[in-house]
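Geometric and topological summary
Each chain, letter by letter, is given below.
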Amino acid sequence: MLIRKKILLCVTGSIAAYKAAYITRLLVQAGAEVKVVVSKGALNFITPLTFSTLSKNPVFSDFTEDPDSGKWTNHVELGLWADLMVMAPLSANTLSKMAQGQSDNFLLATYMSVRCPVMVAPAMDHDMYSHPATQENLLKLKSYNHIVLEPASGQLASGLVGKGRMSEPEDIFEAIIAHFHPELPLQGKEVLVTAGPTYERIDPVRFISNFSTGKMGYAIAHALASKGARVHLVSGPTHETLFHPLVKIYNVESAQEMYDSCIALFEAMQISVLCAAVADFRPKKQVTEKIKKKDNSLTIELETTQDIAKELGRRKTSGQYLIGFALETENETEHTQAKLISKNLDMIVLNSLRDSGAGFGSDTNKISVFWPDNKVLHFGLKPKIQVAQDITELIIQMISQ
Ligand code: C5P
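Values in this document were obtained by computation on a predicted structure and should not be read as measured data.

Our next topic: the overall build of the protein. Looking only at helices and strands, one finds 13 helices and 22 strands in the protein. Over its C-alpha atoms, taken along the principal directions, the protein stretches across nearly 85 × 50 × 40 Å. Across the 401 residues that make up the protein, the buried fraction comes to 50%. In the protein, the share of contacts with a sequence separation of at least 24, taken over all contacts with a separation of at least 6, comes to 66%. On the protein, roughly 19,700 Å² of surface is accessible, and the fraction owed to carbon and sulfur atoms is 51%.

Next comes the structure, spelled out in structure tokens:
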């Protein structure tokens with residue numbers, strides 16, 4: 001998402017300076033070229049080695065590394081190199097110097113030299129932040145068209161509680177993505193995705209599960225995040241991996257754990273895509289010792305698990321969209337349409353086990369999509385990554401109607 005984007009990250013003296021390491025990592029992983037400038041104050045909190053290791057570039061802190069050699073670092077060149085300058089964290093001191101046009105250090109001289117947009121993430125104690133001088137300085141930066149990422153409220157390093165905490169690295173990263181891609185259709189949307197199977201324990205070494213691998217759910221999580229969504233991926237046990245700065249993974253094992261995670265997240269979600277193959281039954285009794293081979297047969301009594309989709313359908317309010325999946329072996333259309341209605345879904349994706357190359361474990365899938373107004377779309381066999389993109393496009397169309 002940030003390939004070939006040149007970002008100049010300026011770190012000033014605040015305890016939040018350590019969080020700038022995480023910002024660097026997120027930017028580099030998204031493909032950006034990152035150069036870091038640190039102020040003298042920042043060096044009290046974090047070392048240049050952290051940033052040079054993460055950014056794979058030298059770190060700049062002064063006009064000259066070696067005063068005797070006469071060699072100097074060209075702040076003008078560095079300023080002109082950048083597509084975006086990000087000041088995170090921005091201390092009250094540097095903020096005030098920026099507002100006054102002072103350039104008594106390398107970081108400020110570079111700031112005065114840039115021609116690109118500037119984004120700032122102030123971080124300071126609550127009283128310093130609410131001081132009229134700071135507020136006036138911020139207004140001044142806004143009048144220069146700088147992008148100001150308001151600090152959050154919460155626990156501060158001083159022990160006080162109030163506004164002043166630097167925006168979280170993920171939020172700063174998202175603001176940077178939004179800056180370069182203002183057109184991303186799911187920008188800022190909170191999305192829940194469930195994926196994979198669940199394990200229902202019989203005893204400490206055995207469980208009941210199904211053949212789901214999580215491939216489809218992980219592909220959907222990735223496709224949604226690449227359209228700007230903040231994805232909360234609640235995943236049953238799977239070998240799939242996914243790193244995307246906008247995807248947060250919550251690992252669960254059983255249907256009950258998946259239910260609890262989904263319920264905790266759901267209220268804040270605008271879109272939920274329930275891709276997981278949740279076990280419908282679990283052993284009524286979980287034994288704590290391994291069951292011994294005593295007889296020729298064993299009877300395990302099962303009870304139903306909670307239907308997450310149904311419960312979320314019941315809780316859904318206007319502005320929330322719920323998308324489910326169905327995997328059927330007979331009377332596919334009828335069963336799928338019945339689920340769409342009974343679970344109060346806005347869209348349901350049917351994958352048939354009849355088609356070879358579709359369903360569990362394979363890298364391809366063949367889907368049909370149904371809506372409550374009886375509209376149906378049939379797709380051909382495609383790689384799951386493309387299927388995920390098709391589903392994402394349909395979701396985008398549905399929410400923008
Ligand atoms: O009823 P069925 O299991 O076929 O419904 C499939 C849909 O319901 C899928 O979206 C699946 O993720 C969801 N589901 C659920 N909780 C369950 C069972 C299914 O969320 N306990």
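Time to look at the nonpolar core. Counting 72 residues, the largest nonpolar core has Leu 2, Ile 176, Ile 220, Leu 224, Met 347 and Ile 391 as its most contacted members. The residues that make up this core include at least three from each of domain 1 (6-180) and domain 2 (190-400). Setting aside chain neighbours within four positions, we find Met 347 in contact with Leu 322, Ile 323, Gly 324, Leu 340, Val 369, Phe 370, Trp 371, Ile 391, Leu 394, Ile 395 and Met 398.

Read from one edge of the open sheet, eight strands run S13-S12-S9-S14-S17-S18-S20-S21, paired in mixed fashion. Since the sheet does not close on itself, it has two edges, and those belong to strand S13 (247-251) and strand S21 (376-378), each with one partner. Averaged over all pairs of adjacent strands, the angle between their axes in this sheet comes to 15°, without regard to strand direction. Relative to S21, strand S20 (residues 367-370) runs antiparallel, the two being bridged by three bridges. The residue bridging Val 369 from the neighbouring strand is Leu 377, located in S21. Helix H12 (residues 332-342) contacts strand S17 (321-328), strand S18 (347-352), S20 and S21 of the sheet and is inclined by roughly 150° relative to S18.

Leave glycine aside and you will find that most residues have negative phi; peptide bonds, for their part, are mostly trans. Of note, the amide linkage connecting Ala 88 to Pro 89 takes the cis form, showing an omega dihedral of -5°. Mapped onto the elements of the fold, Pro 89 is located in strand S4 (residues 84-90). The backbone of Asn 145 sits at a positive phi, close to 65°, despite the residue not being glycine. Tracing the sequence through the fold places Asn 145 in the loop between helix H7 (132-143) and strand S6 (147-148). When its relative accessible area of 66% is taken as the criterion, Asn 145 is described as exposed. Positive phi values are uncommon outside glycine, yet Asn 374 reaches one of about 75°.

Here we have six strands laid out as an open sheet, ordered S3-S2-S1-S4-S5-S6, and parallel in their pairing. Unpaired on one side and paired on the other, strand S3 (59-60) and S6 mark the two borders of the sheet. Two elements, strand S1 (residues 6-11) and strand S2 (residues 33-38), share six bridges in a ladder whose sense is parallel. Opposite Ile 7, over in S2, you have Val 34 as the bridge partner. Contacting S1, S2, S3, S4 and strand S5 (118-122), helix H5 (residues 106-113) runs over the sheet at an angle of about 145° to S4.

The subject of this paragraph is the environment of Leu 340. Its location among the elements puts Leu 340 in helix H12. Placed 212 residues apart in sequence, Leu 340 and Met 128 show a C-alpha to C-alpha distance of 54 Å. Residues within four places of Leu 340 in sequence aside, it is in contact with Leu 345, Asp 346, Met 347, Ile 348, Phe 370, Trp 371 and Pro 372.

The full count for this structure, using the stated rule, is three aromatic pairs. Seen from their ring centres, Phe 63 and Phe 106 are 5.3 Å apart, and the 75° between their planes marks the pair as edge-to-face. Placement of the pair is Phe 63 in the loop between S3 and helix H3 (75-81) and Phe 106 in helix H5, with a sequence separation of 43 residues. When its relative accessible area of 1% is taken as the criterion, Phe 106 is described as buried. A network of ring pairs unites the aromatic residues Phe 60, Phe 63 and Phe 106 as a single cluster. The ring centre of Trp 81 lies 4.5 Å from the NZ or CZ of Lys 35, which sits over that ring. Above the ring of Trp 371, the side-chain terminus of Lys 375 is found at 4.3 Å from the ring centroid.

All right, on to H12 then. Because an α-helix packs 3.6 residues into every turn, residues spaced three or four apart end up facing the same way. For H12, the set of buried residues is Glu 332, Thr 336 and Leu 340. Buried residues in H12, looked at end-on, bunch into an arc of 65°, giving them a common side. When the buried face of H12 is taken as reference, the exposed residues oriented beyond 90 degrees from it are Glu 334 and Ile 341. Elements in contact with the buried residues of H12: S17, S18 and S20. Immediately downstream of H12, the backbone of Asn 344 shows phi near 55°, a positive value.

Using the criterion set out here, one finds 21 salt bridges in the structure. A salt bridge links Lys 343 to Asp 307; the shortest N-O distance between them is 2.8 Å. Placement of the pair is Lys 343 in the loop between H12 and S18 and Asp 307 in the loop between strand S16 (302-304) and helix H11 (308-315), with a sequence separation of 36 residues. What you see here is one network of salt bridges that share partners, running through Asp 171, Glu 174, Glu 190 and Arg 230.

Cut-off values and rules
Residues numbered from 1 in each chain as written. Predicted model: local features only at pLDDT ≥ 70, side-chain atom pairs only at ≥ 80, totals over all residues. Heavy atoms only, no water. Helix = DSSP H or I, 4+ residues; strand = E, 2+ residues; numbered from the N terminus. Buried < 20%, exposed > 50% of the residue type's maximum accessible area, 1.4 Å probe, protein only. Contact = heavy atoms within 4.5 Å. Areas by Shrake-Rupley, 256 points an atom, 1.4 Å probe, with all protein chains shown as cover. Core = buried A, V, L, I, M, F, W, Y, C linked by side-chain atoms within 4.5 Å. Domains from an automatic or database assignment. Pairing = 2+ DSSP bridges. Axes fitted to C-alpha atoms, helices over the stretch in contact; angles between N-to-C directions. Phe/Tyr/Trp six-rings, centres within 6.5 Å; stacked < 30°, edge-to-face > 60°. Lys NZ or Arg CZ within 6 Å of the ring centre and 35° of its normal. Arc of directions from axis to C-beta. Salt bridge = Lys/Arg side-chain N within 4 Å of Asp/Glu carboxyl O.

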